[in-house]
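Read off the chains here:
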2 protein chains.
Amino acid sequence: MDDKDLLDRLRVSGDPDLSSHDPSETFGWERDEAEAMFADELAELIELQEKLFAAKSASLLVVLQAMDAAGKDSTIRAVMSGLNPAGVDVQPFGVPTEEESGHDYLWRVHAHAPEDGYITVFNRSHYEDVLVVRVKSFAPEKVWKRRYEHIRNFEQMLVDEGTHVVKIFLNVSKDKQKERFEERLERPDKRWKFRAGDLDDRALWDEYMDAYTEAMQKTSTDDAPWYVVPADRKWARNVCIARILRHHLERIDPKYPEPDAEIDFDDITVT
Amino acid sequence: MDDKDLLDRLRVSGDPDLSSHDPSETFGWERDEAEAMFADELAELIELQEKLFAAKSASLLVVLQAMDAAGKDSTIRAVMSGLNPAGVDVQPFGVPTEEESGHDYLWRVHAHAPEDGYITVFNRSHYEDVLVVRVKSFAPEKVWKRRYEHIRNFEQMLVDEGTHVVKIFLNVSKDKQKERFEERLERPDKRWKFRAGDLDDRALWDEYMDAYTEAMQKTSTDDAPWYVVPADRKWARNVCIARILRHHLERIDPKYPEPDAEIDFDDITVT
């Protein structure tokens, strides 16, 4: 499957209809094949990031959202750890602090928007303010409903001013989440990842899927698209994410700056 | 002139038509009378701010914009210094730093948006990105033109999330600016306020007035209005600004929090 077909299948336009996205989709790849593809993709990402960082003329914001155990942390480790960490900023957003709650919900995320040259990954984001806030009724409907428009406007402003915005929903199945939760409960070295609240969120699975569906439908735009990435198989997930990032870095098309024209490079001797 | 008439005269809706706003307007007040009125207004502002700070349920953002020597600093000193500084944040915006320039132009201002309970005054603001940036061609027209919409959306988001937004243009006359510049040049203790670039901006007076006019026309909304305040006479200016702030604090209508219902206040002895 070529890049364009794959991206077209993953990209959300209009109603994302999660029932049509199989979390265990593999796009016909075998595991070995996918791992080799991923290695090639990573090499290209490394080259593109180097240019982005040198050019300092644009930036890339990657928003990662998912249910628990869908693999947000593992995605970041797999895809980002090959890149130059000097140009990557991974920013997690947890329960808001008192100071954060005293401001509008975009305040804390805007503060971490990437600087020119950088790739910033949001591990959770402002989308929690139309997801958990909606599902758990932390704010009235009137409040979270108008946030879709705020978010569209906010991201459009970032795009207009030079930040490319990509949003990825890691689409894990409810069965796979169960399997991963059970692994976390059984293995002492994984128990630290399990929170009591994880089961509360799992019990609200359908409500979360409705909230994700509406959030993606209302905020996926040409300039700041959502992608639904199948997350049950990590090796397929990694290929999808690397391709999405490569596509957006290629759209930025960063170039190394021109060398200083005043310097005669052939005539320099370093002593 | 009652509050409503005064505010209606100052508030911008549609084309502000600066030629209809006399910078030396006094609204029929004598100086002594205006100073007494201002003292009364300040007492009310102090009371309202105390409640705002205790309630911590909303905040007030005051954007101050003007040509040089229009009296931004003197306004802040006169109007804000009576308030409890624990709840006031005065934030000046100068030439962007390298880090600020590497982000969208709203990044640095959003970072200083007020927390619930606070009054924040922006001494210059994101409006410079459609004023000086336009007049001096620091960005192409295509870039600054779309910022009006960003700014409307950004301020509307702040309002939706609990920040009241008031924008004030200190309308000084070109003659009064000349007089104040000359005073700065003549008096050794005032020379520090004079920058060489001040005369460059003065030479572009008409271009700045066009830029202010369009900025106010495009971004004055019911929820985040612009006011044009006559600034040639400080005593008239102070009354206008205090009334504007009082009006918006009264719209917030902050209340002291309810006392703890668990406590029987009549039955407490402090030993």
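Residues numbered from 1 in each chain as written. Chains lettered and ligands numbered in written order. Predicted model: local features only at pLDDT ≥ 70, side-chain atom pairs only at ≥ 80, totals over all residues. Heavy atoms only, no water.

### Concerning the interface of chain B and chain A
A common way to express how large an interface is: the accessible area buried when the components associate. Taken together, the contact between chain B and chain A spans 24 residues of the former and 24 residues of the latter. With both sides pooled, the region where chain B packs onto chain A buries about 2,000 Å², and carbon together with sulfur makes up 48% of that total. Put simply, chain B and chain A have 2 salt bridges between them. Between Glu-161 of chain B and Arg-147 of chain A there is a salt bridge; the shortest N-O distance is 2.9 Å. For the interface between chain B and chain A, the tally reads 18 residue pairs in polar contact (both at pLDDT 80 or more). The greatest single-element share of the side of chain B that touches chain A, amounting to 6 residues, is contributed by helix 8 (residues 147–160) of chain B. Split into classes, the residues belonging to the side of chain B that touches chain A amount to 9 nonpolar, 6 polar and 9 charged. (Contact = heavy atoms within 4.5 Å. Buried area = accessible area lost by both parts, 1.4 Å probe. Salt bridge = Lys/Arg side-chain N within 4 Å of Asp/Glu carboxyl O. Polar contact = N/O pair within 3.5 Å; in protein donor to acceptor, adjacent residues only side chain to side chain. Helix = DSSP H or I, 4+ residues; strand = E, 2+ residues; numbered from the N terminus. Nonpolar A, V, L, I, M, F, W, Y, C, P; charged D, E, K, R; others polar.)

### Some thoughts on the nonpolar core
Trp-29, Ile-168 and Leu-170 of chain A together with Trp-29, Ile-168 and Leu-170 of chain B are the most contacted members of the largest nonpolar core, which has 160 residues in total. Ignoring any residue separated from it by four or fewer positions in sequence, one finds Leu-170 of chain A in contact with Leu-64, Gln-65, Ala-66, Ala-70, Gly-71, Lys-72, Thr-75, Val-229, Ala-231, Arg-237 and Ile-241 of chain A. (Core = buried A, V, L, I, M, F, W, Y, C linked by side-chain atoms within 4.5 Å. Buried < 20%, exposed > 50% of the residue type's maximum accessible area, 1.4 Å probe, protein only.)

### Here we look at the relation of the copies chain B and chain A
Aligned on chain A, chain B shows an RMSD of 0.1 Å; the corresponding rotation is 180° and the shift along the axis is 0.0 Å. What the superposition gives is, in effect, a two-fold axis relating one chain to the other. (Least-squares fit on C-alpha atoms with pLDDT ≥ 70 in both.)

### Some points on the environment of Arg-251 of chain B
In this structure, Arg-251 of chain B sits in helix 12 (residues 234–252). When near neighbours in sequence (up to four residues on either side) are disregarded, Arg-251 of chain B contacts His-164, Asp-222 and Asp-223 of chain B.

### As for the pairing of strand 3 (residues 119–123) of chain B
Residues and elements named next belong to chain B. Taken across its 5 residues, strand 3 has 5 buried, putting it largely inside the fold. The alternating pattern of strand 3 places Ile-119, Val-121 and Asn-123 and Thr-120 and Phe-122 on opposite faces, both of which are buried. Pairing of strand 2 (residues 88–92) with strand 3, which is carried by 5 bridges, proceeds in the parallel orientation. Bridging across to strand 3, Val-90 finds its partner in Val-121. (Pairing = 2+ DSSP bridges.)

### What to know about the sheet that holds strand 3 (residues 119–123) of chain A
Residues and elements named next belong to chain A. Ordered by their spatial adjacency, 5 strands build an open sheet running 2-3-1-4-5, and the pairing between neighbours is parallel. Taken across any chain shown, the strands that pair with only one partner, and hence form the sheet edges, are strand 2 (88–92) and strand 5 (226–230). For this sheet, the mean inter-axis angle between neighbouring strands, taken without regard to orientation, is 20°. Relative to strand 3, strand 1 (residues 59–66) is paired through 5 bridges, and the arrangement is parallel. In the strand pairing of strand 3, Val-62 is matched with Val-121. Against the sheet, helix 8 (residues 147–160) contacts strand 1 and strand 4 (163–171), and its axis sits at roughly 135° relative to strand 4. (Axes fitted to C-alpha atoms, helices over the stretch in contact; angles between N-to-C directions.)

### Comments concerning the packing of aromatic side chains
All names here are of chain A. Taken as a whole, this structure holds 14 aromatic pairs over all chains when the rule is applied. Ring plane angle 35° and centroid distance 4.4 Å describe the contact between Phe-169 and Tyr-212, whose orientation is recorded as tilted. With Phe-169 in strand 4 and Tyr-212 in helix 11 (residues 205–219), the pair connects residues that are 43 residues apart, well separated along the chain. The exposure class assigned to Tyr-212 is buried, which follows from its relative accessible area of 2%. (Phe/Tyr/Trp six-rings, centres within 6.5 Å; stacked < 30°, edge-to-face > 60°.)

### Quick word on the side chain of Asp-116 of chain B
Along the polypeptide, Asp-116 of chain B turns up in the loop between helix 5 (107–110) and strand 3. An unpaired buried charge is present at Asp-116 of chain B: no salt bridge exists, and Lys-56 of chain B, the closest side chain of opposite charge, is 9.1 Å distant. Excluding residues that lie within four positions of it along the chain, Asp-116 of chain B makes contacts with Ser-101 and Gly-102 of chain A together with Lys-56, Ser-57, Ala-58 and Ser-59 of chain B. (Lys, Arg positive; Asp, Glu negative; His and termini not counted.)

### A look at the confidence of the model for chain A
Overall, the prediction assigns chain A a mean pLDDT of 95, with 100% of residues at 70 or greater. For this predicted complex, the interface score ipTM comes out at 0.91, while the overall pTM is 0.94. (pLDDT = per-residue confidence, 0-100.)

### Concerning the environment of Ser-220 of chain A
Residues and elements named next belong to chain A. By the element assignment, Ser-220 lies in the loop between helix 11 and strand 5. For Ser-220 and Pro-85, which are 135 residues apart along the polypeptide, the C-alpha to C-alpha distance reads 29 Å. Those residues in contact with Ser-220, other than ones at most four positions away along the chain, are Val-12, Lys-167, Pro-225 and Trp-226. Polar side-chain contacts of Ser-220 include one of 2.9 Å to the backbone nitrogen of Trp-226.

### Topic: the sheet that holds strand 2 of chain B
Residue and element names in this part refer to chain B. Within the open sheet, the 5 strands sit side by side as 2-3-1-4-5. Their pairing is parallel. Either end of the sheet is taken by a strand with one partner, and the two such strands are strand 2 and strand 5 (226–230). Recorded for the sheet is a direction-independent mean angle of 20° between the axes of neighbouring strands. Sitting on the sheet, helix 8 touches strand 1 (59–66) and strand 4 (163–171), and the angle it makes with strand 4 is about 135°.

### A closer look at the packing of helix 8 of chain B against helix 11 (residues 205–219) of chain B
All names here are of chain B. With their axes 9 Å apart at the nearest point, helix 8 and helix 11 run at an angle of 45° to one another. Accordingly, the angle class assigned to the pair helix 8 and helix 11 is oblique. Seen from above, helix 8 lies across helix 11 with right-handed handedness. Across from Tyr-148, Ile-151, Arg-152 and Glu-155 in helix 8, the residues of helix 11 making contact are Glu-214, Ala-215, Lys-218 and Thr-219. (Parallel < 35°, antiparallel > 145°, perpendicular 65-115°, else oblique. Left-handed = near helix turned anticlockwise from the far one by under 90°.)

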